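Inside the fold
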Amino acid sequence: MRQEDVERLHGESRVLSVHAPERGGAGEVPMITLVGVHVSAYLVLNPDGEARMSLSVDLDEVAPVALNGAGVLPVELLIGGQCVWWGI
């Protein structure tokens, strides 16, 4: 893949607000779709009323263009600019 391909794929991404009742009563949650990967970030309240941030990544519709030579999508999770997880 070339840099131009990456930029084109970023340009084709979509940001949606979707209803997600299965996500702890979160209601409408923001979701970005990029190369068939759906990522949502939303708040969930525990029984004490304390909020936590949940990140959900759905890989069921990953576009073949995003897969590596082994047919999987390498994923990197950054929090505060630091890589906290890397895997395939």
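1. So, the overall build of the chain
Each helix and strand counted, the chain has one helix and six strands in total. Along the longest, intermediate and shortest principal axes, the C-alpha atoms of the chain span 50 × 25 × 20 Å. Evaluated residue by residue, the chain yields a buried proportion of 23% over its 88 residues. Split by element, the accessible area of the chain, about 6400 Å² in all, is 57% carbon and sulfur. A distance of 5 Å separates the average location of the 5 positive side-chain charges in the chain from that of its 12 negative side-chain charges.

2. Considerations on the pairing of strand β5 (residues 75-79)
Here β5 runs beside strand β6 (residues 82-87); their pairing, made up of five bridges, is antiparallel. Residue pairing across strands places V75 opposite G87, the latter belonging to β6. Linkage of β5 to β6, two consecutive antiparallel strands, is achieved through a turn of two residues, within which G80 is found at a positive phi near 65°.

3. Notes on the pairing of strand β3 (residues 37-45)
Two elements, strand β2 (residues 28-34) and β3, share four bridges in a ladder whose sense is antiparallel. Looking at the pairing, I32 lines up with V39 of β3. Here β2 folds back onto β3 in antiparallel fashion, the turn holding two residues, of which V35 has a positive phi close to 45°. Relative to strand β4 (residues 51-58), β3 runs antiparallel, the two being bridged by eight bridges. Looking at the pairing, V39 lines up with V57 of β4. As consecutive antiparallel partners, β3 and β4 are separated by five residues, and within that stretch G49 has a phi angle of approximately 85°, a positive value.

4. A short note on the pattern of salt bridges
Any two side chains of opposite charge can pair, on the condition that their charged atoms come close. Within the structure shown, the criterion is met by three salt bridges. The shortest N-O distance in the salt bridge between R2 and D5 comes to 3.3 Å. Residue classification places R2 among the exposed positions, given a relative accessible area of 52%. Three or more residues are tied together by salt bridges with common partners; here these are R2, E4 and D5.

5. What to know about the sheet that holds β3
Read across the open sheet, the four strands follow the order β1-β2-β3-β4; overall the sheet is antiparallel. Only two strands of the sheet have a single partner each, and these edge strands are β1 (14-19) and β4. With direction set aside, neighbouring strand axes in the sheet form an average angle of 25°.

Procedures and definitions
- Residues numbered from 1 in each chain as written.
- Predicted model: local features only at pLDDT ≥ 70, side-chain atom pairs only at ≥ 80, totals over all residues.
- Heavy atoms only, no water.
- Helix = DSSP H or I, 4+ residues; strand = E, 2+ residues; numbered from the N terminus.
- Buried < 20%, exposed > 50% of the residue type's maximum accessible area, 1.4 Å probe, protein only.
- Areas by Shrake-Rupley, 256 points an atom, 1.4 Å probe, with all protein chains shown as cover.
- Lys, Arg positive; Asp, Glu negative; His and termini not counted.
- Charge placed at Lys NZ, Arg CZ, Asp CG, Glu CD.
- Pairing = 2+ DSSP bridges.
- Salt bridge = Lys/Arg side-chain N within 4 Å of Asp/Glu carboxyl O.
- Axes fitted to C-alpha atoms, helices over the stretch in contact; angles between N-to-C directions.

The values reported here are purely geometric and, on their own, carry no functional implication.
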